[in-house]
Amino acid sequence: MQKKERMANLEVLRCVAMMMVVVLHYLGKGGLLPDLTAPLSVQDMVAWLLEAFCIVAVNVYMMISGYFLCESSFKLSRLLTLWLQLWLYSVGIGVLAAVTGIVPAAEVSTHYYLTLLFPVTMGHYWFLTAYLFLYILLPFVGMGLRRMTKQQFQVALVLLFVTFCLLKSVLPFRLEEDGKGYDCLWYLCVFCAAAYLRRFGIPFLQKKSRALLLYLIGIFGTFGEAMLLHLFYLKTGSLELILKIPYEYNHIFPFLASLGLFCLFLDSSIQGKIGSVAVRIAPYTLGVYLLHENLGEAHRKHAYQVMVNELKIGHIKVAILYALLQLAISLGFIYLCPNTVVAHWIYLVLAIVILVVTYVLFTLKYYHLHEEYLASLKNVNYDTDRQKTDF
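Residues numbered from 1 in each chain as written. Predicted model: local features only at pLDDT ≥ 70, side-chain atom pairs only at ≥ 80, totals over all residues. Heavy atoms only, no water.

Participant: Explain unusual backbone geometry to me, please; I cannot follow it from the model alone.
Facilitator: What you tend to see is this: most non-glycine residues have negative phi, and most peptide bonds are trans. You will see that Lys180, though not glycine, has its phi angle at about 65°, which is positive. Along the chain, Lys180 turns up in the loop between α8 (150–170) and α9 (184–199). (Helix = DSSP H or I, 4+ residues; strand = E, 2+ residues; numbered from the N terminus.)

Participant: Which parts of the structure should I look at to understand the state of the cysteines?
Facilitator: A disulfide bridge is the covalent bond that connects two cysteines by way of their sulfur atoms. Counted by the stated rule, this structure contains 0 disulfides. Summary of cysteine pairing: Cys165 is not part of a disulfide, and the nearest cysteine sulfur, belonging to Cys189, is at 8.2 Å. (Disulfide = S-S within 2.5 Å.)

Participant: Just to check I follow, could you spell out α8 for this structure?
Facilitator: Residue pairs three or four apart in sequence face the same way in an α-helix, which turns once every 3.6 residues. Bending of α8 peaks at approximately 45° at the position of Val162. Buried within α8 we find Phe153, Leu157, Phe161, Cys165, Lys168 and Ser169. If you follow the buried residues of α8, they end up packed against α7 (138–147), α9, α10 (208–236) and α11 (252–266). (Bend = angle between axes of the 7 residues up to and from the residue. Buried < 20%, exposed > 50% of the residue type's maximum accessible area, 1.4 Å probe, protein only. Contact = heavy atoms within 4.5 Å.)

Participant: Explain the layout of surface pockets here, please?
Facilitator: It is a probe the size of a water molecule, rolled over the atoms, that shows where empty space is left. Of the voids in this model, the second largest pocket is the one considered here, and its volume is about 840 Å³. Those elements that place two or more of their residues in the lining of the second largest pocket are α1 (2–28), α2 (42–54), α3 (57–69), α6 (126–136) and α13 (285–292). By residue number, the principal contributor to the lining of the second largest pocket is α1, which donates 6 residues. (1 Å grid on protein atoms, 1.4 Å probe; cavity = no way out; pocket = protein on both sides within 12 Å on 5 of 7 lines; lining within 4 Å. Points joined across faces, edges and corners; volume = space filled by probe spheres on them.)

Participant: Would you take a moment to explain the packing of aromatic side chains for this structure?
Facilitator: Each aromatic ring pair is specified by the distance between its two centres and by the angle formed by the two planes. All told, the structure shown has 19 aromatic pairs when counted by the stated rule. Each ring, one from Tyr182 and one from Tyr249, has its centre 5.0 Å from the other, and the planes form 55°; the classification is tilted. Of this pair, Tyr182 sits in the loop between α8 and α9 while Tyr249 sits in the loop between α10 and α11; the two residues are 67 residues apart in sequence, bridging distant segments of the chain. Joined through ring pairs, the aromatic side chains of Tyr61, Phe74, Phe127, Tyr131, Tyr135 and Tyr187 make up one cluster. The side chain of Arg14 reaches across the aromatic face of Tyr61, ending 5.7 Å from its centre. (Phe/Tyr/Trp six-rings, centres within 6.5 Å; stacked < 30°, edge-to-face > 60°. Lys NZ or Arg CZ within 6 Å of the ring centre and 35° of its normal.)

Here it is, written out as structure tokens:
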């Protein structure tokens, strides 16, 4: 029973993390995060604060994977199944985006299709590339971590996090080889931290209030450091290259926040309907990421960007619309879809078809407004360039 409760805890956290990923995409790729080199309004600061609350999502997802994988054995069938799922999403969504015009014809090239056919080696989905790389190394990494003593493990973690996390967090310049957390190396660091939690735990963080406090310290540390760098830049014009460094996955503050949130859920008891629903939904959260991640300029063609920028619908109204849409899909899956594999696939296909048809119809009616906006920006840039060259 305890094992099921703990799995329910982490599956709820997995769902929360994926919702945070959607929020990050909404903020970053929807153009709602203003440039830190310009003065910020209260609304701008709220957007950056919300970004800080959700920036833990990827690290948390890595921790959940590491927590389970460190005690698992390598299975070739699991690797092939995951790769096939990734390939089907990559090819299916990519071809559909090219056919429907979501990806402009000018961007559809041989390289584009090669990226669809080889999504892992071409880095289409960086998170899955890192995950598959680590899973292939699982027989070696897992064996080494299971044989290490607690002291050896602690020394290894200190060396890893000082080298790949703490140094970049305190130095006033950007390291040449810093991957910003979008790489296999950082995934390995987080994997090792999750494995340590699985084997030895952290007694100090077993108290929920302390875990919550660590999460909040990480959140407000991220936001606070970014705002201080922002103010320093406005006064001196210096440190422009590191203005966003507090929001990178391998910065100390986002890592501490993710550790606190993970420990908060790890030692929580979630039972009843919430737990059972989370266990049922959580395996499909990866599909949300794969559907939400596109190629090239596609991110700049989200419907919510057109609604906010061109149709002048308020951000809150658009966010509520998206939340209600996701809630309707989730409730339909929970209460209407039979609990069989075939029914799950049918529901997935129908949901994708309905969403794609709706998006295409919306784009055909309103996207010309966004194209006119982009054309106006090009004209402004052209005129600005001419002014700079007119002496």
